[in-house]
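Chain and residue survey
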Amino acid sequence: MELRQLEYFAAVAEQGSFTAAAAHVHTTQPNISAQIRTLERELGSVLFDRTGRTVRLTEAGRAALPAARDALDAAARVAGAVAEVTGLLRGSLSIGMVEGCTIAPLFAALGTFRSAHPQIEMSLRESPSAELIAAVDNGRLDIALAGYGDDLPPRVESLTIIAERVVAAFPTEGRPRGRAVDLASLRDRSLICLPRGAGIRSVFDAAASVAGGAIRPAIEASSPDAIIELVCSGMGVGILSESIAAADDRVVGVPIRDVDATAHLGLLWRSRTSAAAARFVKIARDAFAVGD
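Residues numbered from 1 in each chain as written. Predicted model: local features only at pLDDT ≥ 70, side-chain atom pairs only at ≥ 80, totals over all residues. Heavy atoms only, no water.

Re the packing of aromatic side chains
By the definition in use, this model includes 3 aromatic pairs. With centroids separated by 5.8 Å and ring planes inclined at 70°, the aromatic side chains of Phe113 and Phe280 adopt a geometry described as edge-to-face. Here Phe113, found in helix H5 (residues 104-116), pairs with Phe280, found in helix H11 (residues 275-288); they are 167 residues apart in sequence, far enough to count as distant. On the accessibility criterion, Phe113 (0% relative accessible area) is buried. The rings of Phe9, Phe18 and Phe48 are connected pair by pair, giving a single aromatic cluster. (Phe/Tyr/Trp six-rings, centres within 6.5 Å; stacked < 30°, edge-to-face > 60°. Helix = DSSP H or I, 4+ residues; strand = E, 2+ residues; numbered from the N terminus. Buried < 20%, exposed > 50% of the residue type's maximum accessible area, 1.4 Å probe, protein only.)

Below is the structure:
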């Protein structure tokens, strides 16, 4: 008895004819008929009633079908297990990260993965978040640490590490009165933002579009650090995440009333990913202490 014979047997049972089953498993009708006859001889029982237009299972066939499917499922699991081990022995892992990344748990996860799977070829690259998201979506990257809003592509899954509000950053000595500012009031100011595609920028742009139309920033800066320096130099009001603004005592982050969505920073990967990428995600969950 061979797995191929069980596969043909299950295909005929599901398709209701030898011709349709042959097309389904990409073989010829004479071959599938011959293999089924061989299987019936080995089992000592007829599995199909061939007297009508539609092939039907005999009582013996109905009894054999669940066990045949179990055997095929078990064989698939064996193949999957071998493929995963092979992927972790001879695979590759391409990882992207936002420019200027200083998030320690990510590097800890990289070290743990490297120690556990030294055979995996690893590559790292820094890019803006929008480019990283696109690269994960089209398969050019396995994993990315990027900033994003609420509009990730359908095929991209995420592990959120940080989710926080977007704030307006003012010099500490020039903070406006009140606990928050209106989005409308920012339209008359020189705004300093990250480039389009950054998670913080995407959240801010989406809110502005809903509340009266897009706001074109006076300056686009390449990094949050650059935004803070420009704010401190009196060049305008920065648009940052709450934690970034709070980390520098030269600026103060003021909530924006009309911006309710949160900016996210997290790991991204495709829904159908490699064994190496799936294993890295598991390690990253532990490194970041983030559950499912």
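Re the layout of surface pockets
One number sums up the size of the largest pocket: a volume of about 860 Å³. Of all the secondary structure elements, the ones that give two or more residues to the lining of the largest pocket are strand S5 (143-148), strand S6 (156-171), helix H8 (199-210), helix H9 (224-232), helix H10 (242-246) and strand S11 (262-270). Top contributing element to the lining of the largest pocket by residue count: H9, with 4 residues. (1 Å grid on protein atoms, 1.4 Å probe; cavity = no way out; pocket = protein on both sides within 12 Å on 5 of 7 lines; lining within 4 Å. Points joined across faces, edges and corners; volume = space filled by probe spheres on them.)

A look at the pattern of salt bridges
Applying the stated criterion across every chain, the model contains 11 salt bridges. Arg56 is the salt-bridge partner of Asp49, the closest N and O atoms lying 3.5 Å from each other. Accessibility expressed as a relative area gives 24% for Asp49, which makes it partly exposed. Take Arg56: its relative accessible area is 49%, and that puts it in the partly exposed class. As a salt-bridge pair, Arg155 and Asp137 come within 3.2 Å of each other at their nearest N and O atoms. One end of the pair, Arg155, is in the loop between S5 and S6; the other, Asp137, is in helix H6 (residues 129-137), with 18 residues separating them in the sequence. Relative accessible area serves as the criterion here: at 44%, Arg155 is assigned to the partly exposed category. Beyond isolated ion pairs, a larger network of salt bridges with shared partners links Arg196, Arg201, Asp205 and Glu220. (Salt bridge = Lys/Arg side-chain N within 4 Å of Asp/Glu carboxyl O.)

Digging into the state of the cysteines
Disulfides are covalent bonds that connect the sulfur atoms of two cysteines. Taken as a whole, this structure holds 0 disulfides when the rule is applied. Not part of a disulfide, Cys193 finds its nearest cysteine sulfur in Cys232, a span of 16 Å. (Disulfide = S-S within 2.5 Å.)

With respect to the side chain of Gln5
Here Gln5 shows up in helix H1 (residues 3-15). Residue Gln5 is classed as buried on the basis of its relative accessible area, which comes to 3%. When sequence neighbours within four positions are dropped, the list of residues in contact with Gln5 reads Gln35, Ile36, Thr38, Leu39 and Glu42. (Contact = heavy atoms within 4.5 Å.)

What to know about the side chain of Glu40
Mapped onto the fold, Glu40 is located in helix H3 (residues 29-43). Assessed through its relative accessible area of 10%, Glu40 is described here as buried. Leave out the neighbours within four places in its chain, and Glu40 touches Ser45, Val46, Leu47, Phe48 and Arg50.

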